[in-house]
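The residues making up each chain are set out below.
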Amino acid sequence: MASQAANLWVLLGLGLAGILIMTRKLKKAVKADFGAFVERLQLLPPPQPPPPKAPHPLTGLSFAISDVFDVNGFVTGFGNPEWSRTHEPASQTSPVVSALVEGGATCTGRTVVDDMAFGISGEHIHYDTPTNPAAPARIPGGSSSGAAVAVAAKFVDFSLGIDAVGGVRVPAAYCGVLGFRPSHGTVAHTGIIPVSASLDTVGWLARDPSILRRVGHVLLQVPFASQRNPRNVVIADDCFQSVNSGGRISQAVIKAVEKLFGRQIIRHENLEAYLNSKIPSLKQFASKKSNSERKSSSTNLLAYVMHILKRHEFKQNHLEWINAAKPNLDPVISAQIQGGPEITDTNIENCHAVRNELRSALNDLLKDDGILVIPTVSEPPPKIGAKEIQSEDYQIRSCSFSSIASMSGGCQVCVPMGFHDKCPTSVSFVVRQGGDRFLLDTIQSMYASIQEQAEVATKSSTSGNAISKEASAEMAKEKGNQAYKDKQWQKAIGFYTEAIKLNGNTATYFSNRAAAYLEMRNFIQAEADSSKAIDLDKKNVKAYLRRGTAREMLGYYKEAIEDFRYALVLEPTNKRASQSADRLKKLFP
C-alpha cells in the first residue's frame, strides 16, 4: 500500500509539473481575453421603445470593434502605439458603431488589428498576438485578428473589422467563424481610419448566421424584400482541387444545394480558365513576376494586382505621417509598404482595367441570382512564428481567393466547415456587387444544411474513399467539358464514361455524355443517356432537351414533343424548348 501511495504521489507530481510546463508554453492561450482586446469600454444602447413598437433589432447582443473605428473621447490606435501617441481622441463616434448601438447592441471593447491594419497574418510586435481559439499554435489571421478571436472565444456575439484584401475573411477562416465582407461602398466609411479607399469595406464576424444577417440588415439599411432563392450556383472545381480537403468541402456544398434547391441550378466551372479568358489586362502583370506558379494562376495575379493598389493607396493616406513620426513598424509590414516595384500612373491604370474586366466577368457569370462557391483560403493557418509568413508569396497566396470579391467590389461570406488535420476549414460564397441582402438571406437558409453535410462528409472521409471518388468523378467530368468545348467529342465521351464509373448516380454525367453522343450522331445512345439522367433527376431540363432532340432524329416525334413540352414546364422561358415544340407541332399536328 505504501509503495502504491508513493507511486500515486509521483504520478500526481509529474502531472502537475506537466500542467505547469504546458501552462508556461501556452501562456498566451490561457490569457483571460486571448489577447483579443486592446481596450475595454462600454457603449450602451438606448431604452427599448414601449409596446406595441417592436424592440430594437439587435437587443441583447454584445459586440467589439477593431482598433480602426472612432469612439468619441477615445484615441483610435490603428494597431501602432506611436499612432496613439501622436493623435488626439476622436471627437465623435463612427456612424457604423453608433448604428449598432442604437440598434440595441452593447459595445464592450476595442480589439487588436495588425500594425496599421496593413498585415494579413495577425502576428504583432507591439501587442501579444491574439490566440486563435480554434488552433492555439497557429496564427489568427489579420488584419482584424482580435475581432475574429473575440467572436471565436465567445466574448461577444459579433464584431466589426475592416476588410480591404481579406482582413475579415482570412481571420474568420483561420478561427472557424462566419465572416462577411459587404459590397464596396454599401456601408459608410466615415469615422474609420482608411487603409485602401478603393478596397476598404466594413466587415463583421459572428458564430450564428442569424446574427450575421441581423447586423447586415442594420448596417446595409436595405429595404424589406421577399427572400429569393439562388438560380445559379457556380462551383469553382479547379480552386477546390488545389486545396486540402477541397473535394470534401465542395461535395458538402453541392449536396446541401441539391437538397434545398435541386441539382439543376448547380454549374461547374474552371475559374482559372474563365478569368484568363475574361480579364486580358491580367496578362501584362504575369511577365512582371518570375514565379512560374503565379504566372499560371489568375487568382494569384489578381491578388498581386490588388496588393499594388493597396500599397499605393495606403501610402497616399499615411506615408507622410510615417516619414514624419518614424514609428517602429513591424519589419514585415514595413517591407511591404516600402518595397515592391515602382508604382506608376500606368500601373494604376492597368490595375483599374483589371478591376473593370473582373467586375464585368463576374456579372456575366452570376447574373442577379447567382453565387460563386470558392475556398476562402488556399491553405491552413501557418504556425505562429513560421518563416513563411514573412514572404511575399504568403501574402499573395493568403489573399488569392479574397481578391475576387475585393477587386470586383462584390460581397462574400466565409462559412466554417469543421476541421481538417486539426485546423478549421471553410468555404466562401461570392455574389456580384449589390447582392448583399440576397447573400445574407441565402446563407441564413442554407447554413444548417451545409453544416449537416459537412459533418457527413467528414465522417465519410474518415471511414472510406466515397468523397475522393466523387471528387475524382468531378475532375473527369471537367476534363470532359473541356474536351467538349474543344469539339473533341470522342475524347469527351471517354471522360464522361470515366466519371460515370466513379459515380454512377449523378445525372449531369449522363446528360453531358448524351450531348457528346448527339454531336457524334449516335442518337440511340444519346436517348439512353438522357433517359438515365432523367431517372436520376426529374428536373434536369438539359436531359429532356437532349432526349427530345435524339427522339426527333430517330423519328419518335410524339415523344420528342412531350420532352420539349416538359422542359418548358420546368423552365417556361427556355427558347430552345419552345421553338422545338412549336416546330414539331406544325410538322406533326
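Residues numbered from 1 in each chain as written. Predicted model: local features only at pLDDT ≥ 70, side-chain atom pairs only at ≥ 80, totals over all residues. Heavy atoms only, no water.

### A short note on the overall build of the chain
Reasoning step 1: Within the chain, the regular secondary structure consists of 24 helices and eleven strands.
Reasoning step 2: For 589 residues, the compact-globule estimate of 2.2 N^0.38 gives 25 Å, and the chain sits close to it at 27 Å.
Reasoning step 3: Once the C-alpha set of the chain is aligned to its principal axes, its extents read approximately 85 × 80 × 65 Å.
Reasoning step 4: In the chain, which comprises 589 residues, the share counted as buried stands at 54%.
Reasoning step 5: In the chain, once contacts between residues fewer than 6 apart in sequence are set aside, the share between residues at least 24 apart is 73%.
Reasoning step 6: Summed over its atoms, the accessible surface of the chain is roughly 25500 Å², and 53% of this surface lies on carbon and sulfur atoms.
Reasoning step 7: Placing the 66 positive and 56 negative side-chain charges of the chain at their respective mean positions leaves the two points 5 Å apart. (Helix = DSSP H or I, 4+ residues; strand = E, 2+ residues; numbered from the N terminus. Rg over C-alpha atoms; globule rule 2.2 N^0.38 Å. Buried < 20%, exposed > 50% of the residue type's maximum accessible area, 1.4 Å probe, protein only. Contact = heavy atoms within 4.5 Å. Areas by Shrake-Rupley, 256 points an atom, 1.4 Å probe, with all protein chains shown as cover. Lys, Arg positive; Asp, Glu negative; His and termini not counted. Charge placed at Lys NZ, Arg CZ, Asp CG, Glu CD.)

### A word on the side chain of aspartate 529
Reasoning step 1: Following the sequence through the fold, aspartate 529 ends up in helix H21 (residues 523-536).
Reasoning step 2: Residues within four places of aspartate 529 in sequence aside, it is in contact with Phe510, Arg513, Ala514 and Tyr517.

### Quick notes on the nonpolar core
Reasoning step 1: Phe158, Leu160, Trp204 and Phe429 are the most contacted members of the largest nonpolar core, which totals 75 residues.
Reasoning step 2: In terms of residues, this core owes the most to one element, helix H17 (residues 436-463), which gives nine residues.
Reasoning step 3: Once residues within four sequence positions are removed from consideration, leucine 160 is found in contact with Ala64, Ile65, Ser66, Phe69, Val96, Val97, Leu100, Ala147, Val202, Gly203, Trp204 and Leu219.
Reasoning step 4: Within the second largest apolar cluster, 64 residues are counted, among which are Val156, Cys239, Ile348 and Ala361. (Core = buried A, V, L, I, M, F, W, Y, C linked by side-chain atoms within 4.5 Å.)

### Here's the deal with unusual backbone geometry
Reasoning step 1: In this chain, proline 51 is followed by proline 52 through a cis amide linkage whose omega measures 10 degrees.
Reasoning step 2: Checked against the element boundaries, proline 52 lands in the loop between strand E1 (37-43) and strand E2 (62-66).
Reasoning step 3: Positive phi, normally seen in glycine, also occurs at phenylalanine 34, with a value near 60 degrees.
Reasoning step 4: One non-glycine residue, lysine 487, adopts positive backbone phi at about 65 degrees.
Reasoning step 5: You can see lysine 487 is positioned in the loop between helix H18 (466-485) and helix H19 (489-502).

### Examining the pairing of strand E11 (residues 423-431)
Reasoning step 1: With nine of nine residues buried, E11 is to be regarded as a mostly interior element.
Reasoning step 2: Burial along E11 is two-sided: the face carrying Cys423, Thr425, Val427, Phe429 and Val431 and the face carrying Pro424, Ser426, Ser428 and Val430 are both buried.
Reasoning step 3: Pairing analysis gives three bridges linking strand E9 (residues 370-374) to E11, with the strands arranged antiparallel. When the sheet's bridge partners are listed, isoleucine 374 is paired in E11 with serine 428.
Reasoning step 4: Pairing analysis gives eight bridges linking strand E10 (residues 411-420) to E11, with the strands arranged antiparallel. Residue pairing across strands places cysteine 411 opposite valine 431, the latter belonging to E11. (Pairing = 2+ DSSP bridges.)

### What about the pattern of salt bridges?
Reasoning step 1: Enumeration over the complete set of coordinates arrives at 22 salt bridges.
Reasoning step 2: Across the pair glutamate 474 and lysine 477 runs a salt bridge, and its minimum N-O distance is 3.4 Å. Note that glutamate 474 and lysine 477 are positioned in helix H18 at a spacing of three residues, about one turn of the helix. Assigned by exposure class, glutamate 474 and lysine 477 land together as buried.
Reasoning step 3: Salt bridges linked by common partners bring Glu527, Arg547, Arg551 and Asp563 together as one network. (Salt bridge = Lys/Arg side-chain N within 4 Å of Asp/Glu carboxyl O.)

### Observations concerning helix H14 (residues 345-366)
Reasoning step 1: Taking 1.5 Å per residue, 22 residues should reach 32 Å; H14 reaches 32 Å between its end C-alpha atoms and fits that length.
Reasoning step 2: Backbone geometry just downstream of H14 places lysine 367 in the positive-phi region, at approximately 55 degrees. (Expected span 1.5 Å × (residues − 1).)

### A word on the domain arrangement of the chain
Reasoning step 1: Its domain assignment divides the chain into domain 1 (37-288 + 296-383 + 390-462) and domain 2 (505-587).
Reasoning step 2: Between the C-alpha centres of domain 1 and domain 2 there is a distance of 43 Å. (Domains from an automatic or database assignment.)

### Regarding the packing of helix H12 (residues 298-325) against helix H13 (residues 331-338)
Reasoning step 1: Look at H12 against H13: their axes get within 10 Å of each other, and the N-to-C directions meet at 110 degrees. One way to sum up the angle between H12 and H13 is to call them roughly perpendicular. Contacts from Arg311, Phe314, Lys315, Leu319 and Ile322 in H12 reach Gln336, Ile337 and Gln338 in H13.
Reasoning step 2: Along the lines of polarity and charge, the residues of the contact of H12 with H13 split into four nonpolar, two polar and two charged. (Axes fitted to C-alpha atoms, helices over the stretch in contact; angles between N-to-C directions. Parallel < 35°, antiparallel > 145°, perpendicular 65-115°, else oblique. Nonpolar A, V, L, I, M, F, W, Y, C, P; charged D, E, K, R; others polar.)

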